[in-house]
Each structure stands twice: as structure tokens, then as C-alpha cells.
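Summary of structural features
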There are 2 protein chains.
Amino acid sequence: MANLKQLSEKLGLSQTTISRALNGYPEVSEATRRRVIEAAREHDYEPNSSARRLATGKSRTIGHVVPISHHDMINPHFTDFIAGAGAVYNRRGYDMLISVVDSAQEAATYRALKRNGRVDGIIVHAPIVRDPRPAMLRKLGLPFVVHGRTLDDEASYAWVDVNNCRAFREATQHLIGLGHRRIALVNGLEHMAFAQRRREGYESALREAGIAVDGTLMSSDEMIEPAGYEAMRRFLALAEPPTAVLCASALSALGVMGAAREDNLLPGTGISIICYDDCLSFLDIGPDGMGLTVMRSAIREAGEHCASMLIDRIEGRQTAGRILLEAKLIEGRSTARCRPAPGRRAAHKAPATPG
Amino acid sequence: MANLKQLSEKLGLSQTTISRALNGYPEVSEATRRRVIEAAREHDYEPNSSARRLATGKSRTIGHVVPISHHDMINPHFTDFIAGAGAVYNRRGYDMLISVVDSAQEAATYRALKRNGRVDGIIVHAPIVRDPRPAMLRKLGLPFVVHGRTLDDEASYAWVDVNNCRAFREATQHLIGLGHRRIALVNGLEHMAFAQRRREGYESALREAGIAVDGTLMSSDEMIEPAGYEAMRRFLALAEPPTAVLCASALSALGVMGAAREDNLLPGTGISIICYDDCLSFLDIGPDGMGLTVMRSAIREAGEHCASMLIDRIEGRQTAGRILLEAKLIEGRSTARCRPAPGRRAAHKAPATPG
DNA sequence: TTGTAGGCGTTATCAA
DNA sequence: TTGATAACGCCTACAA
């Protein structure tokens, strides 16, 4: 059945009553409600969403703007975030609108989404250190939740983030506790807010332990396999290569391990590796999949939190406004006490010395 | 400015005229048109999309239904496909609606999308060998394009696919030409239509060369890193391990190479590896990124083709209906002439023998 | 508890 | 070339 009118004629009821019955208004008698619901199912009726949107002024749609730029790449972590958010939308009756735009168009896209009422709210992805988007969206009057948070004005909007600083601090401390002092960091791009905080955590742990921060042991790039590989190659070419590496993503770690293996360094033996684990489903590091030591926090859950929080706000429900997730250290076999292993690459440059 | 009415009052023109001017109808004088367009920009007016949809009966939205099931995973190849399709939607003024649903809900979701007019068309992802979706969507009267094609009724709907059979045949022939006879296949899940065709291509090349098809040299699983790893471990445990491996995805290849390295087999030396390359941006195998020999066809372009074709059909334009893309063999350093290399794992089980 | 009537912001059909 | 006016399909005061 196409529309309300037809159904109302068929049932001999007014459109109003049917609408009320279907939308759960209290003033409808249980008998009619049952009759209406039954008839709706039978005739396969469902309200036209455009009409409903026009009448209510709500779109029941959440927008995700995905700027495409570096290597024309969509961040591979995006898939799992979307899986989490999408499940919530589905459950709560919202649609997910994804706009793939040139990064220069991003601001214009937000304005357009607002202007023509296509979305009720926005999820902001991958905030940079000082990001103009929160202020802009606030000015537009478009509800939004940020996945992550900026460095300068995080108190002024709703966000869901992982405690990246603490996570990387803890990971670094763990390595220090194992006796490592040459600890490398394979970080994400450092204009990203999260990468900045991760570096902060890493450096603070080093300083606390009286270890000098060494720029040659840090890299900053996209969190993808080839970047991890290149970074590790550079580290291994140093006069004093690291004995441990901290990776910002399992994808980077893949590259790091590849480069390490080329030098006959096995994780947990020749080198200690610990990586931040978003629980990317397509890598499936799993409870023990790769035996890696990880700092774990599922990006998928972040997606769920973002979606829930945004919908709550749109619907005027009370909400936390800020959720800070804690990553959890899970020991695997890729980290071990620091002792220059036989066959270590550095060994034939400088004979193994204690300390 | 919020709506047509206000703009019309401001300009002293009827809503009709303004609508016509903005939508490029021919019967408007150039003078008024210019005036209207100018005013629209100045007052930041844009038609409300719900209202327009209601009036036209078109949603200008394309739906992608993503069933989530295996390991709660969204296929990682999805991101790049979306990047391609999304760019086209953006250019042609369409929205992309993504529904993440439980795989049991998929059919119901299509029906719902049709019923309430949320989308003008659908992209069907990852068809299985005999897939009910094309018939179902046809019956629903929902325009669609399939990325890939079924085995039984491919002639009955529009699709964009890679010539998987030919690609895998050619890849296998290439390895055979290098003298390999123990060639393994790390395939995708074989209820998927594309995986079936790939296997077909692989087997036909073997048969043509008089090489027996050996079930122990074939694996079929998700195209992700850990699955590739496991498959390769099994192959390497065989009495006569393969001298060459054909991988269905760069992600599987990553796992395969990892397992190979653990046995001191280097690609291009101890073992030949060739993989199907979707040009996943986050792996960035690149023109020479990893030096792999690949069969290449960008999944991103498939996304573009699908989107264009679907929009053409929705708008009643003439269209090809079928696009068969050819993958291209690109030689890297991961394939070499077959000769049992020193240190090959099989060597200490059976001394190297020619042939 | 049910119905009537008006409005949501466009587009489309007629007249003028 | 322009303008009334009626859809489009639903929701929601207000009335009964």
C-alpha cells in the first residue's frame, strides 16, 4: 500500500487516527491500534520518509563527512568505527549519510547539510590539534559529537575519546620496566590531536625515567603498513637502533615487524614491539591472534558511543557530553626484558654491552 | 534564508518563478534568472531536500546495505570502493546512505528502503554464487547495480565486475611459465561468486599445463591477514610445499609473506608470490611499494563505475548494463624462475631435485 | 477516543 | 515569461 490516505479509506478511519496509532500516541484505543497495526503490516504500509521529514522537520539522519586527501585514502580505521556507529543508528531508527568530499570542500559540505536539512547531526572525525570544525558547527547550530578531541577547546563540545596520553605513557612505562631505554615511537601524523597526545604520553614516561627524548627514535606518518615499514628501516639504520618500538596502530606494526624480520629481529626476541590496538576486525589481532603485546581499545565501541551520544543530544535527552575510554594493556609475546639478543643487527657494530 | 516563500517575498517574484529559475527551466528570462540566482547565493538559500523529495518523488540517494556477520567484520575492501562511489555521488548530486545491518535483516532492509522511498537505487555488494538479491530487487522495482556478478543469472541485471577468471588464469600461467608446478591458491570464501571464478581460472590454467589440481594446495577463507598466515602455515607443513603462491588479496598476501618469512622464505627467492591487487589505499602497494608481482585492478574504479551506471539508469539514461574490467599483470620482484632455493624448508625433508 | 483542517517547502499543472 | 493553485504524504493543533 502506498500511503496513509489509501490505508485510511480501507480501514474507514481518519488519517489522523492511523498516524497516531502507528506512532504510539496514547489517546488511541487499544482495539483500533491493534487493528491499524495489523492492517499496516498486512498491506505493507510504511510512512514515506520524505513526507514525514517534511512534516516533522527532522531528518532522522546522521552525517559523516569523509574528506579524501592523503593518497586519496579513507582512513582504514573508519570501517570499524562505522560498523559500531551504524549498528546503533540501525537500532535507534536513524540513517547514516556519508559524504565523501574533497578535503577543501569540507566546510561547505557542513553548511550545505545544514541549509537543506539533510541531517539532524554530525559526527566529526579525526580532529586536528586546533580544529575549526567544532566552532563552525556550533555556529551553524548543527548538533555534533567529535570522535577524539582538539587540544585547545576540548571543554566546549561533546566528544568521545580514548585516553591516548595515558595509554602511551603506560605502554612506554611497561617497556621501561622491562629494561628498555632505546624506545622508538611510530606515531600517526602529528597534526592530529590524538597523535599529539600519544607523543606526550610517550615523552612524559621517558622523562620520568630519566631517559632523554631522542628525535631520531620518533616517526610521524599515516598509520599504514608501508609507513611503518619505512620508519622501522630508518630506526634500524641508526648507529644505536632501538630495542623496543611503540606503534600507533596494528597496521603500522605490520610494517614495523616486516622491516624487523628482514634484519632477523623477531618480536619478543630480538626486539620488543607493543602496539595500539583498535581491534580492527580485518586484522583480527584477536585475543591472541598475533601474540602481540597491545594497548587495546576497540574503535568500534567508540563508534557506538559517538552515535548514542549524538542521538541522545538530538532527541534532547540528558547525556554525559564527554566519554574518556581507557585502553588496556594486554601482554603478549612480542615484548620481553631487554637484553641484546644474539644476531642483533647492532651487535656487529658495537659489541653487546650491559646497560 | 530559510525558504522559497521568504525569498519570493524579498524579490517580489512568485515561488514558481524562483523555483524554475533555480532549476534551470528554459521559460525564465535570463534577466530574472540571473537576479534570482544572485539573490539565492546572497541569502544563502538552498531548497529543503525533504520538501523537494516529497514533491518530486525522487530521493536522490543511493543505498548501500552492509550486512555484518563474519567476525562482525566489514570487508576492508569496502572503504576504497566507497571512496570511488562516493566521489561520483558527490559530483552528480546524490547522497550515499549506508545501512549497517545484521545479515539476517538484509532482505527486510531492501523492502523497507523501497517502501518508504528513502533511496532511488541500490548497490549490491559481494554477490554469492547464487544470490537471491537481484531477483528480489527486480521484483521490488528498485533500480540496482551489482558489484560483481552471480554465477547463475548474470545476464539478467546490470553489473560491474573484474574478469576474475581470466585474471587468475593469467597469473597462474605466468607462474607456470616460470617453471612452477606446485602452485598454491589462497582464495577468498568460495561461496562468493568472484572466488569461484578465480578458482576456475586457476584450475583451468593448471589443467592446460597438465598439472593436477591438488586440493591441499588450495585454501578458502576471508581475505585478511591472519587467514593468509594460517593458510601459508598449512602449505609449508606439507611434504611437498608449494614453490609459488597466488593470493586473492594484498591483505592475504601480507599474512602469506609473514608465514613464509618465518621459514626463511623470501618472496622472489625462496618462494614466488603473486597477488591480486585491488589498489587498497591503506596498503599502498604502489607502483613499486612492495615490489610484489600483482594482478591489478583498482576496486576504487569499480566503485566509480557502479555509481555512474546506477545513476544513469535511475535518470533514464542509456547505459552499458555490463562492464567487465580487465586486471593487469605487473611484474615485481616477488616472482622468479622456479628452482629450489638453498635453505628452503622442504630441502631438509627431500633433497632438492630438478623438476 | 476520533475527526477536521492546516501546514511543512517544493515542484508541477494550468491559466494568463 | 510569469503567477495562482493544487498536489506530494505526513503530522498536529484544535474541535467534536
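Refer to the structure above for everything that follows.
Source: prediction; values computed, not measured.

Glancing now at the overall build of chain A. Per the secondary structure count, chain A includes twelve helices and twelve strands. Here the C-alpha atoms of chain A give a radius of gyration of 26 Å, more than 25% beyond the 20 Å that 2.2 N^0.38 yields for 355 residues. Overall, the C-alpha framework of chain A stretches about 95 × 40 × 35 Å when taken along its three principal axes. Counting the 355 residues in chain A, one finds 55% classified as buried. A separation of at least 24 residues holds for 69% of the contacts in chain A among residues at least 6 apart in sequence. Summed over all atoms, the accessible surface of chain A reaches about 15,100 Å², with 50% contributed by carbon and sulfur. Charge-centre separation for chain A: the mean point of 45 positive side chains lies 3 Å from the mean point of 41 negative side chains.

Let us look at the relation of the copies chain A and chain B. Once chain A has been moved 0.0 Å along the axis and rotated by 180°, it coincides with chain B to within an RMSD of 0.1 Å. As the rotation angle and translation indicate, the two copies are arranged about a two-fold axis. A share of 100% of interface residues in chain A that are also interface residues in chain B marks the association as one of identical surfaces.

As a further point, take the protein's contact with DNA strand C. Taken together, 28 residues lie near DNA strand C, and T16 of chain A together with L4, S19, Y25 and Y45 of chain B sit nearest. Those atoms of DNA strand C that come within 4 Å of the protein belong to sugar or phosphate at a rate of 58%. At 3.1 Å from a phosphate oxygen of DNA strand C is found a side-chain nitrogen or oxygen belonging to N23 of chain B. Between Y25 of chain B and DNA strand C, the recorded distance is 2.4 Å, taken from a side-chain N or O atom to a phosphate oxygen.

Turning next to the interface of chain A and chain B. In many reports, interface size means the accessible area that the parts give up when they come together. Each partner contributes residues to the interface: chain A has 48 residues there, and chain B has 48 residues. For the pair chain A and chain B, the two sides together bury roughly 4,300 Å², of which 56% comes from carbon and sulfur. Its largest share of buried area at the contact with chain B, chain A owes to E46, R115 and F282 of chain A, together 14% of the area lost on that side. Applying the counting rule to chain A against chain B returns six salt bridges.

Below, the discussion takes up the sheet that holds strand β6 (residues 183–187) of chain B. Backbone-to-backbone hydrogen bonds join strands into a sheet, with any given pair of strands oriented parallel or antiparallel. Residue and element names in this part refer to chain B. Ordered in space as β7-β6-β8-β9-β10-β12, the six strands form an open sheet in which the pairing is mixed. In the strand order of this sheet, the two ends are held by β7 (218–220) and β12 (328–330), each with one partner. Neighbour to neighbour, the strand axes of the sheet diverge by 15° on average, direction disregarded. Sheet strands touched by helix α9 (residues 193–208): β6, β7, β8 (244–247) and β9 (272–277). Its angle to β6, the strand with the most contacts, is close to 175°.

Once that is clear, we can look at the pattern of salt bridges. Taken as a whole and assessed by the stated rule, the structure comprises 50 salt bridges over all chains. With a shortest N-O distance of 2.7 Å, D95 of chain B and R118 of chain A are connected by a salt bridge. Of this pair, D95 of chain B sits in strand β2 (residues 95–102) while R118 of chain A sits in the loop between α6 (106–115) and β3 (121–124), each in a different chain. In terms of burial, D95 of chain B and R118 of chain A fall into one category: buried. A salt bridge links E154 of chain A to R149 of chain A; the nearest nitrogen and oxygen atoms lie 3.3 Å apart. Using a relative accessible area of 26% as the deciding quantity, one classes E154 of chain A as partly exposed. Of the residues examined, R149 of chain A reaches a relative accessible area of 9% and is grouped as buried. One network of salt bridges, in which partners are shared, links R92, D312, E315 and R317 of chain A.

What follows concerns the sheet that holds strand β7 (residues 218–220) of chain A. Residues and elements named next belong to chain A. With mixed pairing, the six strands of this open sheet are ordered in space as β7-β6-β8-β9-β10-β12. Edge positions in the sheet fall to β7 and β12 (328–330), since each has one partner strand and no second. Averaged over all neighbouring strand pairs, the angle between strand axes comes to 15°, with direction disregarded. This element, helix α10 (residues 225–236), spans β6 (183–187), β7 and β8 (244–247) of the sheet and lies at about 155° to β6. Those strands touched by helix α11 (residues 250–262) are β6, β8 and β9 (272–277), and its axis lies near 160° from that of β9.

Moving on, we get to the protein's contact with DNA strand D. Near DNA strand D lie 27 residues; those nearest to it are L4, Y25 and Y45 of chain A together with T17 and R20 of chain B. Within 4 Å of the protein, the contacting atoms of DNA strand D are 58% sugar and phosphate, with bases supplying the remainder. In this structure, N48 of chain A approaches DNA strand D through a main-chain N or O atom, which is 3.2 Å from a phosphate oxygen. At 2.7 Å, a side-chain N or O of T17 of chain B approaches a phosphate oxygen of DNA strand D. Put simply, the parts of the chain that give the surface near DNA strand D at least two residues each are α2 (15–22) and α4 (49–56) of chain A together with α2 (15–22) and α4 (49–56) of chain B. Taken together, the residues that form the surface near DNA strand D break down as ten nonpolar, 13 polar and four charged.

Residue and element names in this part refer to chain A. Its location among the elements puts D312 in helix α12 (residues 299–314). Residue D312 is classed as buried on the basis of its relative accessible area of 17%. A polar atom in the side chain of D312 sits 2.9 Å from the side chain of R92. Filtering out sequence-adjacent residues up to four positions away, D312 remains in contact with R92, R317 and T319.

This part takes up the side chain of H77 of chain A. Residue and element names in this part refer to chain A. Summarising the element assignment, H77 is placed in the loop between β1 (61–68) and α5 (78–92). Reaching out from H77, the side chain makes a polar contact with the side chain of S249 at a distance of 3.1 Å. Excluding anything up to four places from it in sequence, H77 contacts M223, S249, L251, D278, L280 and I299.

Let's shift gears to unusual backbone geometry. Excluding glycine, residues mostly carry a negative phi; peptide bonds, for their part, are mostly trans. Residues and elements named next belong to chain B. Not every positive phi belongs to a glycine, and R60 is a case in point at roughly 50°. On the basis of relative accessible area, R60 is assigned to the partly exposed category, the value being 34%. At N264, a position not held by glycine, the phi torsion is positive, near 60°. Its location among the elements puts N264 in the loop between α11 (250–262) and β9. Looking at N264, the relative accessible area reads 61%, which means it is exposed.

About the thresholds
Residues numbered from 1 in each chain as written. Chains lettered and ligands numbered in written order. Predicted model: local features only at pLDDT ≥ 70, side-chain atom pairs only at ≥ 80, totals over all residues. Heavy atoms only, no water. Helix = DSSP H or I, 4+ residues; strand = E, 2+ residues; numbered from the N terminus. Rg over C-alpha atoms; globule rule 2.2 N^0.38 Å. Buried < 20%, exposed > 50% of the residue type's maximum accessible area, 1.4 Å probe, protein only. Contact = heavy atoms within 4.5 Å. Areas by Shrake-Rupley, 256 points an atom, 1.4 Å probe, with all protein chains shown as cover. Lys, Arg positive; Asp, Glu negative; His and termini not counted. Charge placed at Lys NZ, Arg CZ, Asp CG, Glu CD. Least-squares fit on C-alpha atoms with pLDDT ≥ 70 in both. Near = heavy atom within 4 Å. Polar contact = N/O pair within 3.5 Å; in protein donor to acceptor, adjacent residues only side chain to side chain. Buried area = accessible area lost by both parts, 1.4 Å probe. Salt bridge = Lys/Arg side-chain N within 4 Å of Asp/Glu carboxyl O. Pairing = 2+ DSSP bridges. Axes fitted to C-alpha atoms, helices over the stretch in contact; angles between N-to-C directions. Nonpolar A, V, L, I, M, F, W, Y, C, P; charged D, E, K, R; others polar.

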